[in-house]
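These are the residues of each chain, in order.
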Amino acid sequence: MSEMGKAGALSRWEDEGGALPCGPQEALAADCEKWDIPPLSDAEIIQLRIRVIALENMVLGLLSKASADQLAAIEEIAKFISPRADAKPHPLTLHAATQMEHFVERARRLCEQPTAD
């Protein structure tokens, strides 16, 4: 991955709040307290879990058809996901990077499996 590509990925990560304490949406989140947003019900939380599982499997399916270069690029980006120098490492951020690496490993295993034609 080029240095410009790495810089762009890291810039997006910080712009999206991945490496910041509360992300760029911090001001919006504070405004949410003013809104009348009911908490999620148990049924809604279950539906979100189901959708996340479905999305994970769809991504895995797409990654299983990715090129070796694309998979290597994902692994490389995962290595760059870390907190800023002045920030304390957040376990969820670190775990997200690990999950990216696991997705690539799983995709590679799927690529290696013979198809039942």
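Structure's up top.
Below, the structure is looked at part by part. (Residues numbered from 1 in each chain as written. Predicted model: local features only at pLDDT ≥ 70, side-chain atom pairs only at ≥ 80, totals over all residues. Heavy atoms only, no water.)

What characterises a pair of aromatic rings is the spacing of the ring centres plus the angle enclosed by the ring planes. Scanning the model with the defined rule gives zero aromatic pairs in all. Arg-106 extends its terminal NZ or CZ atom over the ring of Phe-103, reaching a point 5.6 Å from the ring centre. (Phe/Tyr/Trp six-rings, centres within 6.5 Å; stacked < 30°, edge-to-face > 60°. Lys NZ or Arg CZ within 6 Å of the ring centre and 35° of its normal.)

Relative orientation of the contacting elements helix H4 (residues 68–80) and helix H5 (residues 91–112) amounts to 160°, with a least axis distance of 8 Å. Compared by their axis directions, H4 and H5 come out roughly antiparallel. Where H4 crosses over H5, the handedness of that crossing is left-handed. Residues Ala-68, Leu-71, Ala-72, Ile-74, Glu-75, Ile-77, Ala-78 and Lys-79 of H4 form the contact with H5, whose participating residues are Ala-97, Met-100, Glu-101, Val-104, Ala-107 and Arg-108. Taken together, the residues of the contact of H4 with H5 break down into 10 nonpolar, no polar and four charged. (Axes fitted to C-alpha atoms, helices over the stretch in contact; angles between N-to-C directions. Helix = DSSP H or I, 4+ residues; strand = E, 2+ residues; numbered from the N terminus. Parallel < 35°, antiparallel > 145°, perpendicular 65-115°, else oblique. Left-handed = near helix turned anticlockwise from the far one by under 90°. Contact = heavy atoms within 4.5 Å. Nonpolar A, V, L, I, M, F, W, Y, C, P; charged D, E, K, R; others polar.)

Right, let's talk about a nonpolar patch on the surface for a bit. Together, Leu-40, Ile-45 and Leu-48 make up an exposed nonpolar region whose accessible area comes to about 250 Å². Its location among the elements puts Leu-40 in the loop between helix H2 (26–32) and helix H3 (42–63). (Patch = residues over 30% accessible without salt bridge, like charges linked within 9 Å, V, L, I, M, F, W, Y side chains within 5 Å. Areas by Shrake-Rupley, 256 points an atom, 1.4 Å probe, with all protein chains shown as cover. Salt bridge = Lys/Arg side-chain N within 4 Å of Asp/Glu carboxyl O.)

In this section: the nonpolar core. Side chains of a nonpolar character, in soluble globular proteins, are inclined to be buried together. Core analysis: the biggest nonpolar cluster contains seven residues, these being Leu-60, Leu-63, Ala-66, Leu-71, Phe-103, Val-104 and Ala-107. For this core, the secondary-structure elements that each account for two or more residues are H3 and H5. Among the elements that take part in this core, H5 stands out by supplying three residues, more than any other. (Core = buried A, V, L, I, M, F, W, Y, C linked by side-chain atoms within 4.5 Å. Buried < 20%, exposed > 50% of the residue type's maximum accessible area, 1.4 Å probe, protein only.)

H5 packs onto H3 with a crossing angle of 55° between their chain directions and a minimal axis gap of 8 Å. Considered as vectors, H3 and H5 are oriented oblique to each other. Every pair of crossing elements has a handedness; the one defined by H3 and H5 is right-handed. Contacts between H3 and H5 involve Glu-56, Asn-57, Val-59, Leu-60 and Leu-63 from the first element and Phe-103, Arg-106, Ala-107, Leu-110 and Cys-111 from the second.

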